[in-house]
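Chain by chain, the residues:
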Amino acid sequence: MTQINQLVSQDEFTGFYLLKELDIRQTNATPPKDYFDLVLCDSTGQLSAKMWDVSSTDKETFFPMGLVKVKGIVQTYRERLQIKVIQMRLAIPADGVSVTDFIRSAPIRPIDLVHTIKHETSLIQDETVRTIVDYCVAKAEEKLMHYPAAKTHHHAYYAGLAYHIVRMLELGEFVSRQRPFLNADMLRAGIILHDIAKTEEMTAQLGVVSDYSVAGKLIGHIALASSWITEAAIQSGISLGAEQVLGLQHLVLSHHNTGEWGSPVQPQTAEAVALHYIDSLDAKLQMVEDALDSTPASEPWTPVIRGLDNKAVYRTKL
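All of the points below concern the structure found in this document.

Rules of the game
- Residues numbered from 1 in each chain as written.
- Predicted model: local features only at pLDDT ≥ 70, side-chain atom pairs only at ≥ 80, totals over all residues.
- Heavy atoms only, no water.
- Core = buried A, V, L, I, M, F, W, Y, C linked by side-chain atoms within 4.5 Å.
- Buried < 20%, exposed > 50% of the residue type's maximum accessible area, 1.4 Å probe, protein only.
- Helix = DSSP H or I, 4+ residues; strand = E, 2+ residues; numbered from the N terminus.
- Polar contact = N/O pair within 3.5 Å; in protein donor to acceptor, adjacent residues only side chain to side chain.
- Contact = heavy atoms within 4.5 Å.
- Patch = residues over 30% accessible without salt bridge, like charges linked within 9 Å, V, L, I, M, F, W, Y side chains within 5 Å.
- Areas by Shrake-Rupley, 256 points an atom, 1.4 Å probe, with all protein chains shown as cover.
- Salt bridge = Lys/Arg side-chain N within 4 Å of Asp/Glu carboxyl O.
- Phe/Tyr/Trp six-rings, centres within 6.5 Å; stacked < 30°, edge-to-face > 60°.
- Lys NZ or Arg CZ within 6 Å of the ring centre and 35° of its normal.

All right, on to the nonpolar core then. Ranked by internal contacts, the top residues of the largest apolar core, which has 48 residues, are Ile-132, Val-133, Ile-165, Ile-191, Leu-193 and Leu-248. Secondary structure elements with two or more residues in this core: helix H2 (110-122), helix H3 (127-144), helix H4 (160-178), helix H5 (184-193), helix H8 (221-235), helix H9 (243-254) and helix H10 (270-294). In this structure, Tyr-17, Leu-38, Leu-40 and Val-54 belong to the second largest nonpolar core, which totals 20 residues.

Along the chain, Thr-121 falls in helix H2. On the basis of relative accessibility, which here comes to 0%, the residue Thr-121 falls in the buried class. From its side chain, Thr-121 meets the backbone oxygen of Ile-117 in a polar contact 2.9 Å long. In this structure Thr-121 touches Arg-130, Val-133, Asp-134, Val-137 and Ile-192, once residues within four positions along its chain are discounted.

This part covers H5. In terms of burial, H5 is a largely internal element, nine of the 10 residues being buried. Where H5 is concerned, the buried positions are Asp-185, Met-186, Leu-187, Arg-188, Ala-189, Gly-190, Ile-191, Ile-192 and Leu-193. Next to the buried residues of H5 lie H2, H3, H4, H8, H9 and H10. One side-chain oxygen at the N-terminal end of H5 lies 3.0 Å from the backbone nitrogen of Asp-185; it belongs to Asn-183.

Residues Val-214, Leu-218 and Ile-219 make up a contiguous nonpolar surface patch of roughly 340 Å² in combined accessible area. Examined against the element boundaries, Leu-218 turns out to sit in helix H7 (residues 214-218). With relative accessibility at 70%, the residue Leu-218 sits in the exposed group.

Glancing now at the packing of aromatic side chains. By the definition in use, this model includes four aromatic pairs. An angle of 85 degrees between the planes, with centres 5.9 Å apart, marks the rings of Phe-13 and Tyr-17 as edge-to-face. Judged by its relative accessible area of 1%, Tyr-17 is buried. Pairing Tyr-35 with Trp-52 gives two aromatic rings, centres 4.6 Å apart and planes at 40 degrees, and the pair type is tilted. Of this pair, Tyr-35 sits in strand E2 (residues 34-42) while Trp-52 sits in the loop between strand E3 (45-51) and helix H1 (56-61), and the two are 17 residues apart along the sequence. The partly exposed category is assigned to Trp-52, whose relative accessible area is 39%. Above the ring of Trp-228, the side-chain terminus of Lys-139 is found at 5.3 Å from the ring centroid.

Here it is as structure tokens:
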């Protein structure tokens, strides 16, 4: 069976894949015809796909998160690979395939990732800060075991959110040692809390986001996490005006840096500046790693990467 990251332009192939996304759209023809706009994935990556001239039976048969057997051909559209589906059917028990075989997961066991996050929380010296972080981690712990960090942008796979936090904690430890003027407690806490409410912002199954929740659409993870900090302070008898509470809320609210990306304020503490760039560095490097991993080794360039201003990355031969 051909894996996603082995497919190259003009390949004709047959294999089993997870139907990660499915939208019914219409062509511009007269009269318009229905077609499927798909995302097919396996543990090595994902590709967009089109299935033309779908029937009413097709629309009643195929749904997201189903396993399918696909016969298709790989084409290039706007400098990106895309699959034209020739035939598609649902997988059956006799095929001997399982959904868990087709999902991508963090390279570290989820239980170990969550253990690391809880251990890092225990290292926070400031009791007020540690109490708030403990509260928020406990609130999200069950979902941290499997939630992705995003729908498509970065760390978009099983336990991707916990993996993102742990990788950022490693960067944060280095930066705190190199720049001792930073408050290590606040930076560690900001890293753990900055995306933690994505567990409430998104609806996810097996590391795949199917949609954003009502709270996610109306409020978003940044404001949700800030409200969690308020909730933690109230539950623990901590003054909402305490510098630790305001500092943690600022870290969360400013970590996207600009209003365009969802932050109501820009970073205005040293730790907030550090958090923003640590977050950006880890996310962008993960985008590059994912693009290289999911691009056939024979291809010198990756597809364009949305998070890198739609630039492709060259695979050096050094």
